[in-house]
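# Coordinate inspection notes
Given next are the chains, with one letter for each unit.
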Amino acid sequence: MPAGRQEWDAQGRLTLDLTDRLGKMVAKGQVSFSQSVNAATISVPGVVDSEEFYVSCTGWVVCRLNNGSITLSRYEYASVNEVQYWTVIRQ
Amino acid sequence: MSNVGVQLFNEHGIELLNTNDPMLIVMDHRLDVVFGSGYGSILLPYSGWPESPTILIRPRPGAWYGYFMIQREGSNVRVWLDSRLIGVSPITPFDIAIACTPRASGLQPSQGYGLETFGPTGELLFSSAFRFPRIRQIAQVPGPNLQAAGSTTSAAITYGADVMPWVIARDATQSVAFSGGAASIPSAVGFYFSVNAARTAISVRADDTTNNSNNQYWGRFLRFPLCIIQGI
């Protein structure tokens, strides 16, 4: 039996379906790199390396999901000495 | 998760929403954005920092987009994107949307019906009066082989897309070596994505070659949430 919720707007258009996923913010923060600090691993309880999560991060920064943490790694030639902002989304 | 509140699940048992985590809603959008030189940027008002927003791109059929990156500029977000792939697809328009939590958006729901959820402190977490990205599928595209020019990988779009999806395109960025932190890259290589006209596949390729030791997706996936945004 289908479970969940369907929503329609005032015009009767389906706006939320039983098979959808929705994005939820589970953590956010900021990080800075330097010439000698290229990467940071940040604890985010509950995160796993799967399609269930993603990281939106500013700058030329690569984000990798671990189990219970994320690792942010900057490109060597970019994003030095700038504050970068990250948000973990569960979907 | 607090032990008081509501959780809703979709028919696959995946949580749709709860009363603890703020949800993504669509704060703003622009249609038919064109960068005259292909690679360019657009500045969108956004005051929700330090929350980093989610950017969605709605591509044109068969066109390629890559080198995605966002930056904070005061109370704005600057989105960089290459909207052409030299020798493969010309400069092509696209649509862009910015999604974030209700608090970061500063928006207030206007209609008096639908679904609203609030957190333990009374913070609005979600309202169906907002536009929001309905994620219909998370396409997982294998990382292309950057040692082979034009190597293209694809994933099927299986949800029956009757309109072009909005794509959370953050994975279509530059190549970089991941293990051991940042690495020297002789020249930047960009990852590009494309959705075919029939909306049955999303593909990935790069604009140049490099060693796969500089390929953060080698043996992994680029993940593209494919979304519907009602009304746009």
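So, a few notes on the structure that sits alongside this text. (Residues numbered from 1 in each chain as written. Chains lettered and ligands numbered in written order. Predicted model: local features only at pLDDT ≥ 70, side-chain atom pairs only at ≥ 80, totals over all residues. Heavy atoms only, no water.)

### A look at the overall build of chain B
Assigned secondary structure in chain B consists of one helix and 16 strands. For 232 residues, the compact-globule estimate of 2.2 N^0.38 gives 17 Å, and chain B sits close to it at 19 Å. With the C-alpha coordinates of chain B rotated into their principal frame, the extents come out at 55 × 40 × 35 Å. In chain B, 71% of the contacts between residues at least 6 apart in sequence involve partners at least 24 apart. Accessible area of chain B: about 9000 Å², with a carbon and sulfur share of 50%. Positive and negative side-chain charges of chain B, numbering 15 and 15 respectively, have mean locations separated by a distance of 3 Å. (Helix = DSSP H or I, 4+ residues; strand = E, 2+ residues; numbered from the N terminus. Rg over C-alpha atoms; globule rule 2.2 N^0.38 Å. Contact = heavy atoms within 4.5 Å. Areas by Shrake-Rupley, 256 points an atom, 1.4 Å probe, with all protein chains shown as cover. Lys, Arg positive; Asp, Glu negative; His and termini not counted. Charge placed at Lys NZ, Arg CZ, Asp CG, Glu CD.)

### Things to note about the environment of Val189(B)
Along the chain, the position of Val189(B) falls in the loop between strand E13 (166–168) and strand E14 (191–195). Between the C-alpha atom of Val189(B) and that of Ala206(B), which follows or precedes it by 17 residues, the distance is 6.6 Å.

### Digging into the packing of aromatic side chains
For the structure shown, the criterion picks out 11 aromatic pairs over all chains. Seen in terms of ring centroids, Tyr85(A) and Trp49(B) are 5.2 Å apart; in terms of plane orientation they differ by 50 degrees. Their pairing is tilted. Placement of the pair is Tyr85(A) in strand E8 (residues 83–90) and Trp49(B) in the loop between strand E4 (39–45) and strand E5 (54–58), with the two residues belonging to separate chains. Given the relative accessible area of 9%, Tyr85(A) is considered buried. (Phe/Tyr/Trp six-rings, centres within 6.5 Å; stacked < 30°, edge-to-face > 60°. Buried < 20%, exposed > 50% of the residue type's maximum accessible area, 1.4 Å probe, protein only.)

### Describing the state of the cysteines
Applying the stated criterion across every chain yields a total of zero disulfides over all chains. We note that Cys57(A) lacks a disulfide partner, and the nearest cysteine sulfur, in Cys63(A), lies 4.3 Å from it. Take Cys57(A): its relative accessible area is 10%, and that puts it in the buried class. In this structure Cys227(B) is not part of a disulfide, and its nearest cysteine sulfur, from Cys100(B), lies 14 Å away. (Disulfide = S-S within 2.5 Å.)

### Description of the interface of chain A and chain B
Tallying the contact residues gives 50 residues for chain A and 57 residues for chain B. Between chain A and chain B lies a buried interface of about 4900 Å² when both sides are counted; carbon and sulfur atoms form 56% of it. When residues of chain A are sorted by the area they lose upon contact with chain B, Arg21(A), Trp60(A) and Arg64(A) head the list and together hold 14% of the total. Remark: the boundary between chain A and chain B carries six salt bridges. Between the two partners, chain A and chain B, sit 18 residue pairs in polar contact (both at pLDDT 80 or more). Per-element accounting of the side of chain A that touches chain B gives the leading share, six residues, to strand E3 (residues 24–32) of chain A. A per-class count over the side of chain A that touches chain B returns 21 nonpolar, 15 polar and 14 charged. (Buried area = accessible area lost by both parts, 1.4 Å probe. Salt bridge = Lys/Arg side-chain N within 4 Å of Asp/Glu carboxyl O. Polar contact = N/O pair within 3.5 Å; in protein donor to acceptor, adjacent residues only side chain to side chain. Nonpolar A, V, L, I, M, F, W, Y, C, P; charged D, E, K, R; others polar.)

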